[in-house]
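The lines below spell out each chain.
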Amino acid sequence: MKAPGYIFAEALRNLIKKRATVLYPYREVEKIHLPDGFRGKIEFDRPKCIGCQMCFRVCPAKAIEIIEDERGKRPIFLIYRCIYCGQCAEVCPTKAITLGKVFENVALRKEELEVR
Amino acid sequence: MSFEIPIGPQHPIHVEPLMLKLKVEGELIVDVDIDVSYIHRGIEKALELRSYPQGLFLAERICGICNCAHSLCYCLNIEQLLGKEAPPRAKYLRVIVEELSRVHSHLLWLGHYFHTLGFETLFMYFWRDRERVMDMLELMTGNRVTTSYNVIGGVRRDITPEIDSKLRRMIEHLRERMKYYEAAIRSEPSLLGRLQGVGLLKPEDAIRLGTVGPHLRASGVKHDVRLDDPYSGHEEIPFNVITYDTCDCYGRVMVRIGEVFESLDMIAYALDHLPSGEYRLKMPPFFKAPVGESLSRVEAPRGELIHYSISDGGTNPFRYRVRTPTLANLASVAAMLKSRGDYEVYIADVPAILGGIDPCICCTARVIITDEGKKTRRITTLTELERYARERGVRM
């Protein structure tokens, strides 16, 4: 058995290495690299929507409500219920729904967390 | 003169609520009572109220760390019910993501285990390297933890050449790091003192108590669902089942380190031999399953995971049952915590022994009947509960 302190050399080496963490909320936010397929906050393209309500029917978290506006039936996305599974984006026949790269979903009022 | 010492439901050594009532004589533990029912989430019932494709996302959230194993087990179960099979490319992609999640789970456990033992340096190093694995999971599936990669009939995304090369680089990096950690753990007397000879579980006891996973393999029993019942192309991918015959906490650490190497080899093999073709069957967004029942088994990072479902021909399962590995392993914790003969367990060994099974309590709750008026609590058995349900005419 070796003497204690096998890890000591590695610890010393790490003293001169670059920091592994990111000072996330305050600085270096640009260092956070999100891949292309990231599933973040839903983005909705109203002109593409044909009002088929498939997204409403497949949503496992009941995060989608259907309302009527001047162009017919359309969904609203309640982000505070969303589990980011991406089922709605997958089932949408016209690709009107995509999952974007926004992951900071904190708000003081509920309405701010609705995608219309 | 004996005392009762409660550890939990909230305690620094627990990540999740768990109650250990230790009966001690001096420093020695002579008896233990384990209560796991502090988190009851009603997931099995909730699964009965969701259609098959919707239930997948709930099944995935039974456990955050083994979400891949849960979603794979659910998919295998429903595919078996429908009489379908995922295409070969999907099977290999499933293996890649499953093994990635096993590596991430084992690194998380190793880091956390050394943290409970008080070795913070290794905790930091393991978790730093785990970030590389998490980045790969994010790149492949779209999220760090909840991957949502497996779907009924295949997987969601294909692999690109960019991901392929990044995965290979990650494997090389991690192999080097794991070699260093293995040597570091073997040569660190302060760690060996806390691990060797602690929490002895003989092979015959391990089998008798129904232990599963790395915990069982650390007792020298060669049991692995991937080997015994290949479920996702494991009959084609070569791998070794790591066993260790020291039967103590040291063996549990070494088995998991060995499994990380094996998982990395499996990912490399799957990348080299990835079959071409479809990676997903065309499935309608809603479907009915034929009447029948099905059972699927998956080797989750913590051990054997079992999903069982009954279909009555509708769009939802009639009954869904999940048996998680922690529940199987908790019985052995009670056995390991009791001093007998020259095997002595001290209070200071509790974190090492409990941590050794990689406990994940939130998947584990049991039935307890609490009588508010009489202020009594008692744990029921399944037969008792069935009789009670029949008397009251309630569907179980």
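Since the model is a prediction, treat every value here as computed from it, not as a measurement. Numbering of residues starts from 1 in every chain and runs along the sequence as written. Chains and ligands are labelled sequentially in the order written, the chains with letters from A and the ligands with numbers from 1. This being a predicted model, a pLDDT of at least 70 is required before a residue's local features are given, and a value of 80 or more before pairs of side-chain atoms are given or counted; all residues contribute to the totals for chains, interfaces and linings. Only hydrogens and water are removed before side-chain values are computed, so all heavy atoms of the structure are retained for them.

Caption draft 1: Examining the overall build of chain A more closely. Secondary structure elements are defined from DSSP: runs of H or I of at least 4 residues count as helices, runs of E of at least 2 residues count as strands, and each element is numbered from the N terminus. Of the regular secondary structure elements, chain A holds 3 helices and 5 strands. When the helices and strands of chain A are listed from N to C terminus, the series reads α-β-α-β-β-α-β-β. Taken over C-alpha atoms, the radius of gyration is set against a globule rule of 2.2 Å times the number of residues to the power 0.38. Relative to a compact globule of 116 residues, whose C-alpha radius of gyration would be 13 Å, chain A shows 22 Å and is clearly more extended. Across its three principal directions, the C-alpha atoms of chain A cover 75 × 30 × 20 Å. In chain A, the share of contacts with a sequence separation of at least 24, taken over all contacts with a separation of at least 6, comes to 65%. By the convention used here, residues are in contact when the closest approach between their heavy atoms is within 4.5 Å.

Caption draft 2: View of the overall build of chain B. Of the regular secondary structure elements, chain B holds 14 helices and 10 strands. Scaling as 2.2 N^0.38, a compact globule of 396 residues should have a C-alpha radius of gyration of about 21 Å, and chain B matches this with 22 Å. Its C-alpha atoms give chain B principal-axis dimensions of roughly 70 × 60 × 30 Å. Looking at chain B as a whole, 58% of its 396 residues are labelled buried. In chain B, 68% of the contacts between residues at least 6 apart in sequence involve partners at least 24 apart. Where accessible areas are quoted, they stem from the Shrake-Rupley method and a 1.4 Å probe; at the residue level, only the protein chains shown are allowed to cover. In the structure as shown, chain B presents an accessible area of about 16,300 Å², 54% of it carried by carbon and sulfur atoms. The averaged location of the 53 negative side-chain charges in chain B is 5 Å from the averaged location of its 51 positive side-chain charges. Each residue gets one of three labels from its accessible area relative to the maximum for its type: buried under 20%, exposed over 50%, partly exposed in between, using a 1.4 Å probe on protein chains only. Note on charges: Lys and Arg go in the positive column, Asp and Glu in the negative column, and His and the chain ends are not counted at all. The location of each charge is read from NZ of Lys, CZ of Arg, CG of Asp or CD of Glu.

Caption draft 3: Region of interest: the pattern of salt bridges. Any carboxyl oxygen of Asp or Glu that lies within 4 Å of a side-chain nitrogen of Lys or Arg is treated as forming a salt bridge with it. Counted under the stated rule, the structure contains 40 salt bridges over all chains. Measuring nitrogen to oxygen at the nearest pair gives 2.9 Å for the salt bridge that ties B:R177 to A:E10. In this pair, B:R177 is assigned in helix α6 (residues 161-186) and A:E10 in helix α1 (residues 6-15), connecting two distinct chains. Grouping residues by exposure puts B:R177 and A:E10 together as buried. Residue B:R226 pairs with B:D224 through a salt bridge whose shortest N-O separation is 2.9 Å. Of the two residues, B:R226 and B:D224, neither departs from the other in class, the shared state being buried. Through salt bridges that share partners, B:E98, B:E99, B:R102, B:R217, B:D224, B:R226, B:E259 and B:E299 make up one connected network.

Caption draft 4: Geometry of the side chain of B:D248. Residues and elements named next belong to chain B. The topology assignment puts D248 in the loop between α10 (225-228) and α11 (249-272). Among buried charged residues, D248 stands out as having no salt bridge; its nearest opposite-charge side chain is R252, 6.5 Å away. Once residues lying within four places of it in the same chain are set aside, the contact partners of D248 are L195, Q196, G197, V198, G199 and L200.

Caption draft 5: Structural view of the interface of chain B and chain A. If you look at the interface, chain B gives 31 residues, while chain A gives 29 residues. As used here, buried area is the combined drop in accessible area, with a 1.4 Å probe, of two parts when they are placed together. With both sides pooled, the region where chain B packs onto chain A buries about 2,500 Å², and carbon together with sulfur makes up 53% of that total. At the boundary of chain B and chain A, one finds 3 salt bridges. Residue A:E90 is joined to B:R280 by a salt bridge in which the shortest nitrogen-to-oxygen separation is 3.0 Å. For this analysis, a polar contact is any N or O atom pair within 3.5 Å, provided that within protein one partner can donate a hydrogen and the other can accept it, and provided that sequence-adjacent residues contribute only side-chain to side-chain pairs. Counting across the interface, chain B meets chain A through 18 residue pairs in polar contact (both at pLDDT 80 or more). At the level of elements, α2 (52-60), α5 (120-141), α6 and α7 (189-195) of chain B are the ones that each hand at least two residues to the side of chain B that touches chain A.

Caption draft 6: Just the sheet that holds strand β2 (residues 64-69) of chain A, in detail. All names here are of chain A. The rule for pairing is simple: two strands pair if DSSP sees at least two bridges between them. Strand order in the open sheet made by the 3 strands is β2-β3-β5, with antiparallel pairing throughout. Looking at strand neighbours, the two that pair on one side only are β2 and β5 (114-115), the edges of this open sheet. Alignment of strand β3 (residues 72-78) against β5, held across 2 bridges, turns out to be antiparallel. Residue pairing in the sheet places L78 in a bridge with E114 of β5.

Caption draft 7: Representation of the packing of helix α4 (residues 88-117) of chain B against α11(B) within the structure. Residue and element names in this part refer to chain B. Axis lines are fitted to C-alpha atoms, over the contacting stretch for helices. Their N-to-C directions set the angle, which ranges from 0 to 180 degrees. Interaxial distance between α4 and α11 falls to 9 Å at its minimum, and their mutual angle equals 155 degrees. With respect to each other, α4 and α11 are oriented roughly antiparallel. The crossing of α4 and α11 is left-handed. Orientation labels follow simple angle bins: below 35 degrees gives roughly parallel, above 145 gives roughly antiparallel, 65 to 115 gives roughly perpendicular, and whatever is left gives oblique. Should the near helix be turned anticlockwise from the far one by less than a right angle, the crossing is termed left-handed; should it be turned clockwise, right-handed.

Caption draft 8: Seen up close, the layout of surface pockets. Two kinds of site are reported from a 1 Å grid over the protein atoms alone, namely cavities, where a 1.4 Å probe fits but cannot get out, and pockets, open sets with protein on both sides within 12 Å along at least five of seven lines, and residues are called lining when an atom falls within 4 Å of a point. Grid points are joined across faces, edges and corners, and a volume is the space filled by probe spheres set on the points. Its volume calculated, the largest pocket comes out at about 1,400 Å³. If you go around the largest pocket, you meet 38 residues; those closest to its centre are A:A20, B:E131, B:R132, B:D135 and B:R144. Sorting elements by how many residues they give to the lining of the largest pocket places α5(B) first, with 12 residues.

Caption draft 9: Expanded view of the packing of α4(B) against α5(B). Residues and elements named next belong to chain B. At a minimum axis distance of 8 Å, the contact between α4 and α5 shows a crossing angle of 160 degrees. On the basis of their axis angle, the class for α4 and α5 is roughly antiparallel. The two elements α4 and α5 cross, and the hand of that crossing is left-handed. Classifying every residue of the contact of α4 with α5 by side-chain character gives 17 nonpolar, 6 polar and 3 charged. By the convention adopted, Pro, Cys, Tyr, Trp, Phe, Met, Ile, Leu, Val and Ala count as nonpolar, Lys, Arg, Asp and Glu as charged, and the other residues, Gly among them, as polar.

Caption draft 10: Local environment of helix α3 (residues 67-82) of chain B. Residues and elements named next belong to chain B. With 16 residues, α3 extends 22 Å between its outermost C-alpha atoms, agreeing within 8% with the 22 Å of an ideal straight helix rising 1.5 Å per residue. Most of α3 sits out of view: 14 of its 16 residues are buried. Count one or two residues on from α3 and you reach G83, which has phi positive near 75 degrees. One fewer than the residue count of a helix, multiplied by 1.5 Å, yields its expected span.

Caption draft 11: Inspection of the domain arrangement of chain B at higher detail. In terms of domains, chain B is made up of domain 1 (43-327) and domain 2 (368-396). Residue ranges for the domains trace back to a domain assignment, done automatically or taken from a database. Inter-centroid distance (C-alpha atoms) of domain 1 of chain B to domain 2 of chain B is 34 Å.

Caption draft 12: Summary view of the packing of aromatic side chains. Residues and elements named next belong to chain B. Aromatic rings from Phe, Tyr and Trp, taking only the six-membered ring of Trp, are treated as a pair when their centres fall within 6.5 Å; an angle between ring planes under 30 degrees marks them as stacked, one over 60 as edge-to-face, and anything in between as tilted. Tallied over the full model, the rule gives 12 aromatic pairs over all chains. A ring pair is formed by F114 and F126, whose centres lie 5.9 Å apart and whose planes are at 15 degrees; its orientation type is stacked. Of the two residues, F114 sits in helix α4 while F126 sits in helix α5, which places them 12 residues apart along the sequence. Neither F114 nor F126 differs from the other in exposure class; each is buried. Here the aromatic cluster, defined as three or more aromatic residues joined through ring pairs, consists of W109, Y113, F114, F126, Y180 and Y181. For R130, the ring lying beneath its charged end belongs to W127, and the centroid distance is 5.0 Å. Ring-over charges, as used throughout, are those where CZ of Arg or NZ of Lys falls within 6 Å of the ring centre and within 35 degrees of the ring normal.

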